Amino acid sequence: MTNTYNASRTFASPHAHGGSGVRHTMVRVQFALLPATLFGFWLYGWPAFFLWLITLLSCLAFEFMSLRLMGRQQIGRTLGDGSALLTGWLLAMTLPPWAPWWVGVVGAFIAIVIGKQVFGGLGHNVFNPAMVARVALLISFPLPLTTWVAPLPLTSAAAPGFVEGLQITLGQMHLTDAMSSATLLGYAKTELSRGVDLVQALAGDHAPGLSWSGIRAGSLGESAAVLILAGGLFLLVTGVIRWQAPLGVLAGVAVPAAIAHAVAPGHYLDAGTHLLSGALMLGAFFIATDYVTSPTTGQGQLIFGLGVGLITWVIRSLGGYPEGVAFAILLMNALTPIIDRYTKPRILGRTRAGRPIDPPPVGKGA
Amino acid sequence: MGLMEKFFGLSWGIHPEDHKRPAADAATRTMPVPERLFVSLSQHIGAPARPAVLVGQQVKKGDKLADPQGAVSAAIHAPTSGTVTAIGEIPAPHPSGLPVLAITLESDGKDEWAELQGCPDPFALEPAEISRRVAAAGVVGLGGATFPAALKLSLSQKSRVSTLIMNGGECEPYLSCDDRLMRDEAAAIVDGIRLMLHATGASEALVGIEDNKPEAIAAMSEAARPYAEVRIRPVPARYPMGSEKQLILVLTGQEVPADGRPGDVGVVVHNVGTARAVHEAIRHGRPLVSRLVTVNGACVGQPGNIFVPVGALVEEVLAFAGGLKKTPERLIMGGPMMGMSLPHARVPVVKGTSGILALDAAQVADRAQEPCIRCASCVRACPIGLLPLEMARHIQVGDLKGAVGVGLKDCIACGCCAYVCPSHIPLVQYFAHAKGEMAAQERARLRAEATRKLAQARSERLEREAREKAELAARRKAERAAAAAAAASASPAVTEGAQA
Amino acid sequence: MSGTIRTLVRDGLWDNNVVFAQMLALCPAMAVTTSGTNGLGMGLASTAVLVVANVLVSLLRHIISPQVRIPVFIVLIASLVTVVDMVLNAWLHELYKVLGLFIALIVVNCAILGRAEAFASRSNPWHALIDGLAMGIGFTGALTLIGLIREFLGSGTLFAQASQLLGPAFSFLEIRVAGYGGALLMILPPGAFAVLGFLLAGKRVIDARREARAAAAATPATA
Amino acid sequence: MLAAILSLTILGALLGLALGIASRLLHVETPPVQAELEAMLPGTNCGQCGFPGCSGAAAALAEGSAPPTCCPPGGKALAAAIAEKLGLSLDLSSLTDEGPKLATIAEDLCIGCCRCLKSCPTDAILGAPKQIHNILKEACTGCAACVDHCPTEAVVMQPVPVTLQHWVMPKPLAA
Amino acid sequence: MSLEQLKENTLYQPLLLGAVALLASASLAWAASATRDAIAAAEARDLRDSLAQVLPEGFADNDLLADSAQVEVGEAKPLTVYRARLGGTPQGTVFKVVGKGYAGPITILMAVDRDGRTLGVRVLKHTETPGLGDKIEIGKADWITTLSGKTLESARWAVKKDGGEFDQFAGATITPRAVLNAVRGGLETFARHREAMLGLPQDGEPAGKAIARKEGKSS
């Protein structure tokens, strides 16, 4: 009989674990992003891949530097949890695919250092780091961040080759007017501001129906709305995310959009176009579901999602920017503590207000 | 209530892998009495029992070793016949490994019962008499909480409970002692239940058994068939179904108020093992001196359920169960979710020991802590509706009051939150620490109050003494003056002065 | 005596800096500092008001009763600022065109009221003058630093339009980083918050290191 | 011009009058924090804080010259209560309770001089001349006031052993 | 210590605050009167400088500031115009228009000659995004000079994106569009109120006839 057991320290219960892990979750989310990302690489060619790679590597580098600077232990393990990688990936999904390299590097700095580590690292950031970076980049560098490229699939003749792609990413080749294009939302906004009726504007090349194929100008995260949706459904099925936040976002956009479109079709895009355009799908399934910056309860997540959706619609329809998902998410991130406060679960045996419930008259239980 | 039931029925708790078989299916064994038994005096909630024997005294099996002390306490009896060789400190079956007072009993090998007073027709007895006999037998709740059973019986009598809920949930993974008892001794359990119904005055008993124990459900249904008042109610297998509040909610739909007792909703909950102990105590007069213990875990040679005399060392139980195949990663008394890790194996089995688990590293699945990512898995898992992540954050920075504000006092330490936490944060340890700290602060506060009273008493005493001294001095002075005056004026006053 | 003055100066410049330690006057510190020149101008104008207000309050300190001290300070400071505003507008019109917007802001600069309340009203005029000067220079330094960083990151220039403020002789200060358009965010309000945050953190790091070094130096001495 | 000057002056005078009257009518005595603090302190005047008795410590706490942690017998709980009363933020995690100590008497050293008796703020020491003294555990506050009065060093402060009932689960190490 | 006792007196407060207020208002009054003329002169100089920017050298020989008028143009407020004359003959006029920019109003000063041709356009005040919309400033880019020398008919008053002839800035269309709209609006106003704005007699005089003919042609 082995009799050498002697505990070196005190262990608290429970003495078993369900087996879930942070890394596990992050890897699943990355897996869910893969189809849309690969489609984006095909659609926009080598520059898209280079920018993605640069953003990811920069995120890892800045995470490493921050952790070193703060004197954290076990940097390797923290890097390995995949959170910085995911932040970089999500950020890259929202950037114009042919943006120059420094956009990715500066974005990674803002996301990791200002958006995350300054707040105390993983789990402490108030705002979604990728969205912080996205918004900061958009405001700081409006030009490169609003220059979109028309789809040039890798298989097409006009697509830039490896070396050309590198030159584009390194900023040594400028986009010609012929190559650049506007996103659907951007185009609609411009036309509207010229006083053109949307019904006329959105015919032909700009027909919203084309959105289903995903072949149009935009970021990796907005061209392939259907693939993003598929990734999101995968996360839903595997239990990584829950349905409340995505549904809230989609409903928050679709309902006001449908109403407004019914009232004034010339001034407001229809719900379908809203849902398939911009970063809505990415925002609904990958960003609004970010654990750290969204409410903890299902009820809270639903409110959060609805808020994101509604603000997105308001910005898109009435604001100055054609797209508003990132702003909407940041605004709702700021409200998360308040939502959390008012959507606490009811404690068993207590009323919502926290007082013990009144016992029922004795004897009724039978 | 329907919505509420749906809400709680669906969302609380967790589904841990139960690991109950094959140990649950192995035949029950009885462990021979070891040479020496260490009978702890703290085997129940409440004040430790007071020794009632002297060192060197000979006792028979079932003789009383210690008397209850105070309102909440239980008697302790000799698990075998032999000689009391010592009354002193031994390591407690507790994570701290701190000492506890125990009576050491040297077995004489005969295992002779003392004269027992059974009762052939207990239903003729007064309910109060049943409670008294249960108390005399030292029966405590065998589900793990070890609350003196007699006290619960008489309390329920006073609060007129209508329903007796029998807890056959046994939701902790690995454990199967209740399952085994229900399979093997269903008749005794049902008899115990009927005795408890009689003692409490409740009109019906609902026996909640998780649906992952079909054999137990079958055996119990069979045994309970003649008695309409005893109903077997299968409940979904879900942890922590065996928690009082959850079981009451599932079986009756009633919610126990946060600061209340089950009696407030007209129910009382007992464990099925307790029912058997009551049966033994009333029908045969046998006090609680042994119990069925599940010995399980990857490191155990022959996992199974073993009748173990109270006071046997864990190390001896493990040896009887086929020894250890390898050095365990963790040795646990109780279940993996709420049980206590043991500092070593030389601690005694007590009345509340439902299981002894020797788990290997894979079963413990312990990993280094990572930062909280607010995934809220713990919020969904919490059967009470608390926010474990927020409580832990408050405690992390020493803000105990804040933790209480978000529900620390409602926490039942079931361990669901820590079980599901992807960051492996020892949430339960935070809560246990905070509860301990709060208790310590409360003790300090009470002590400071007592100190202030003592200090006040002293200053009053000093004042009084000073005043008395001054008065005395004044009186003497006056007397002297009077005496002098008297002496000066006339002589007849002298006698008066002498009298004074 | 000189020890006191040294303390005053060090307090104003670093230890008790208006922006970095007292966290006062953040409104002008953030709103105005879109360039180094703006920061410098606002700092200089504030310094002037600060010095005069400090001396005035110090002179009047014995006759000011505690009940009405705040209104008295405010009236004094507001009048002072208005006079400065008019004088600049009349005779230093070019400078006024650069600083005009900010001068009215000085009225609500709580650093000035704060110094009047916390220091000048209980010190002699000489010390009040030194304090005002030190605090003002500290404030100017902080504003210029924030402004320069924001300007550099935000528009890729340094001390743009400095010659308008300081005269053509100072045009050598104006530097433009070739080929860098700047990150707009930095000259918008969030940039001010971010830069201020990083500078605050930086000051704390420096202070902590200094303390550690002082402690390390003290240990062997006592041992 | 004159109108502007006059109106401003009159406005100033009126406001000054209003403030002067208000300062009289709305005069508030500062709340007696010191008395409240004194009531919170143990009241044993043991002197471990270094102030003349508990009232001295209360005065020092009220004016901020003593830290909320100055009272060792009060421990963590008292420190937290004082910090809350004074509105201070206190990092209790850095405060380690040494654990309570009680005075004990080494019986072979005690000569029964009764000197320690008088020093005890809670009358916790029992004894008579030429008799070995004894300390009531329940009444001893561990203030150590008696230790210095013993001529034979028979009074020793000993830590109260941790028992199962008083054991506190250690706090997890932060990640 | 009599001062200390005095301070506690309720009447001391109004006296003190009143005295301080008197002092302050007196000094303000002095400063205001002392600086009034200088400030007016400085502001006039400013205005003259801006006027000089939009008018070509030697275009006018009169003092424009002295020759200003309020013209009713059918809006809430009359428009202030400054008339440029050479040897007494009206040559052109300078006035302000306001455009609706991306982030707020854009104040524009424009000079128009008697034929309705822009002489010069300058942005006086705006709150457009720095780095994007601020290219309308002469200090940042010379885009604004492309607006000079154009009449209502001779140019397509729109950015290229909208089918016009003026450049838009990359990333910002709203700002130049606003400036162009405002300037075109200014030209239209001029066309409608030409006589009043130039300070010509409404009708009857020979010069008036000639101009009336021209107007007839252009309308």
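Basis of the calculations
Residues numbered from 1 in each chain as written. Chains lettered and ligands numbered in written order. Predicted model: local features only at pLDDT ≥ 70, side-chain atom pairs only at ≥ 80, totals over all residues. Heavy atoms only, no water. Domains from an automatic or database assignment. Contact = heavy atoms within 4.5 Å. Buried area = accessible area lost by both parts, 1.4 Å probe. Salt bridge = Lys/Arg side-chain N within 4 Å of Asp/Glu carboxyl O. Pairing = 2+ DSSP bridges. Helix = DSSP H or I, 4+ residues; strand = E, 2+ residues; numbered from the N terminus. Polar contact = N/O pair within 3.5 Å; in protein donor to acceptor, adjacent residues only side chain to side chain. Core = buried A, V, L, I, M, F, W, Y, C linked by side-chain atoms within 4.5 Å. Buried < 20%, exposed > 50% of the residue type's maximum accessible area, 1.4 Å probe, protein only. Arc of directions from axis to C-beta. Nonpolar A, V, L, I, M, F, W, Y, C, P; charged D, E, K, R; others polar. Axes fitted to C-alpha atoms, helices over the stretch in contact; angles between N-to-C directions. Parallel < 35°, antiparallel > 145°, perpendicular 65-115°, else oblique. Left-handed = near helix turned anticlockwise from the far one by under 90°.

**Student:** What exactly am I supposed to notice about the domain arrangement of chain E here?
**Tutor:** Residues and elements named next belong to chain E. Domain parsing of chain E yields domain 1 (2–51) and domain 2 (55–218). The distance between the C-alpha centroids of domain 1 and domain 2 comes to 42 Å. Contacts between the two partners involve five residues from domain 1, matched on the other side by eight residues from domain 2. Of the roughly 580 Å² buried between domain 1 and domain 2, counting both surfaces, carbon and sulfur atoms make up 74%. In this assembly, domain 1 and domain 2 are joined by one salt bridge.

**Student:** Could you clarify how one ought to interpret the domain arrangement of chain D in this entry?
**Tutor:** One widely used convention gives an interface's size as the accessible area the parts lose upon coming together. Split into domains, chain D comes out as domain 1 (33–94) and domain 2 (101–161). Centre-to-centre, using C-alpha coordinates, domain 1 of chain D lies 26 Å away from domain 2 of chain D.

**Student:** Explain the pairing of strand 3 (residues 89–100) of chain E here, please?
**Tutor:** On a regular strand, each side chain points to the face opposite its neighbour's, so the side chains alternate between the two faces of the sheet. Residue and element names in this part refer to chain E. Sheet topology places strand 2 (residues 79–86) next to strand 3; six bridges connect them, and they run antiparallel. Within strand 3, the position partnered with R83 by the bridge is T93. Two successive antiparallel strands, strand 2 and strand 3, enclose a turn made up of two residues, where G87 displays a positive phi of approximately 60 degrees. Where strand 3 folds back onto strand 4 (residues 105–113) in an antiparallel hairpin, the turn is made up of four residues, including G104, whose phi is positive at roughly 150 degrees.

**Student:** What's the story with the interface of chain B and chain A in this structure? I'm lost.
**Tutor:** With 81 residues of chain B in contact, the opposing surface of chain A contributes 51 residues. Contact between chain B and chain A buries roughly 5400 Å² in total, counting both sides, with carbon and sulfur atoms accounting for 57%. At the junction of chain B with chain A, the criterion picks out three salt bridges. For D410(B), the salt bridge is made with R350(A), and the minimal N-O distance between the two is 2.6 Å. Summed over the shared surface of chain B and chain A, the number is 21 residue pairs in polar contact (both at pLDDT 80 or more).

**Student:** Got a minute to help me understand the nonpolar core in this structure?
**Tutor:** Looking at soluble globular proteins, one finds that nonpolar side chains tend to be buried together. Core analysis: the biggest nonpolar cluster contains 119 residues, and L33(A), L90(A), M93(A), F286(A), V19(C) and F20(C) have the highest contact counts within it. Ranked by the residues each element gives to this core, the list is headed by helix 1 (residues 22–44) of chain A, at ten residues. Residues within four places of M93(A) in sequence aside, it is in contact with L33(A), A36(A), T37(A), S219(A), L220(A), G221(A), I228(A) and L282(A).

**Student:** What's the story with helix 3 (residues 149–159) of chain B in this structure? I'm lost.
**Tutor:** An α-helical turn contains 3.6 residues, so a residue and the one three or four places further along point in the same direction. Residues and elements named next belong to chain B. Buried within helix 3 are the following residues: A149, A150, L153 and S156. Down the axis of helix 3, the sector holding all buried residues measures 130 degrees, keeping them to one side. On its buried side, helix 3 packs onto helix 2 (127–136), helix 5 (186–200), strand 12 (267–271) and helix 8 (272–284). Downstream of helix 3 by a residue or two, R160 has a phi angle that is positive, lying close to 55 degrees.

**Student:** Even after reading the chapter, I still don't get the sheet that holds strand 5 (residues 64–67) of chain B, so can you show me in this structure?
**Tutor:** Residues and elements named next belong to chain B. Taking strand neighbours across the sheet as the criterion, the three strands line up as 3-5-6 in an open arrangement whose pairing is antiparallel. A strand with exactly one partner marks an edge of an open sheet, and here the two such strands are strand 3 (50–51) and strand 6 (76–77). Where strand 5 and strand 6 come together, two bridges link them in antiparallel fashion. When the sheet's bridge partners are listed, A66 is paired in strand 6 with I76.

**Student:** Got a minute to help me understand the interface of chain C and chain E in this structure?
**Tutor:** Contacts between the two partners involve 24 residues from chain C, matched on the other side by 25 residues from chain E. Together chain C and chain E conceal approximately 2000 Å² of surface at their shared face, both sides included; 73% is due to carbon and sulfur atoms. On the surface where chain C and chain E come into contact, there are three residue pairs in polar contact (both at pLDDT 80 or more). Of all the secondary-structure elements, those providing two or more residues to the side of chain C that touches chain E are helix 4 (69–91) and helix 5 (93–106) of chain C. No other element matches the twelve residues that helix 4 of chain C contributes to the side of chain C that touches chain E. Considering only residue class, the side of chain C that touches chain E consists of 15 nonpolar, seven polar and two charged.

**Student:** Would you explain the sheet that holds strand 7 (residues 82–91) of chain B in this entry?
**Tutor:** Within a sheet, neighbouring strands are paired by backbone hydrogen bonds and run either parallel or antiparallel to one another. Spatially, four strands are ordered 2-8-7-4 (chain B) in an open sheet, and the strand pairing comes out antiparallel. Two strands bound the open sheet, and with one partner strand each, they are strand 2 (36–40) and strand 4 (58–59) of chain B.

**Student:** Would you mind showing me how to read unusual backbone geometry here?
**Tutor:** Most peptide bonds take the trans configuration, and most residues that are not glycine carry a negative phi. Note that the residue after S13(A), namely P14(A), is joined by a cis bond; omega there is -5 degrees. Note on placement: P14(A) falls in the segment before helix 1. Cis geometry is found at the peptide bond from R21(B) to P22(B), where omega equals 10 degrees. Assignment of secondary structure puts P22(B) in the loop between helix 1 (2–11) and strand 1 (29–30). Backbone geometry at Y174(B) places phi at a positive 70 degrees, although glycine is not the residue there. For Y174(B), the position within the fold is in the loop between strand 9 (163–168) and helix 4 (177–184). For Y174(B), a relative accessible area of 3% puts it in the buried group. The backbone phi angle of A413(B) is positive, close to 55 degrees, even though this residue is not glycine. Mapped onto the fold, A413(B) is located in the loop between helix 13 (400–405) and helix 14 (416–420). Using a relative accessible area of 24% as the deciding quantity, one classes A413(B) as partly exposed.

**Student:** I keep staring at the environment of S79(C) and nothing clicks. Help me out?
**Tutor:** By the element assignment, S79(C) lies in helix 4. As a C-alpha pair, S79(C) and V107(C) span 28 residues in sequence and 8.9 Å in three-dimensional space. Sequence-distant contacts of S79(C), defined by excluding residues within four places in its chain, comprise A24(E) and L28(E).

**Student:** I'm lost on the arrangement of the chains in this one. Help?
**Tutor:** Most contacts, among the eight pairs of chains that meet, fall between chains A and B. Separated in space, chain B and chain C share no contact, their closest pair of C-alpha atoms being 22 Å apart. A minimum C-alpha distance of 38 Å separates chain B and chain E, which share no contact.

**Student:** Even after reading the chapter, I still don't get the packing of helix 12 (residues 388–396) of chain B against helix 15 (residues 427–489) of chain B, so can you show me in this structure?
**Tutor:** In a pair of packed helices, the angle between the axes and the distance between the axes together describe the arrangement. Residue and element names in this part refer to chain B. Interaxial distance between helix 12 and helix 15 falls to 9 Å at its minimum, and their mutual angle equals 55 degrees. Viewed along their axes, helix 12 and helix 15 adopt a mutual orientation that is oblique. Regarding helix 12 and helix 15, the two cross each other, and that crossing is left-handed. When helix 12 is examined against helix 15, the residues P388, M391, A392, I395 and Q396 are found in contact with a partner set consisting of L427, Y430, F431, H433 and A434.

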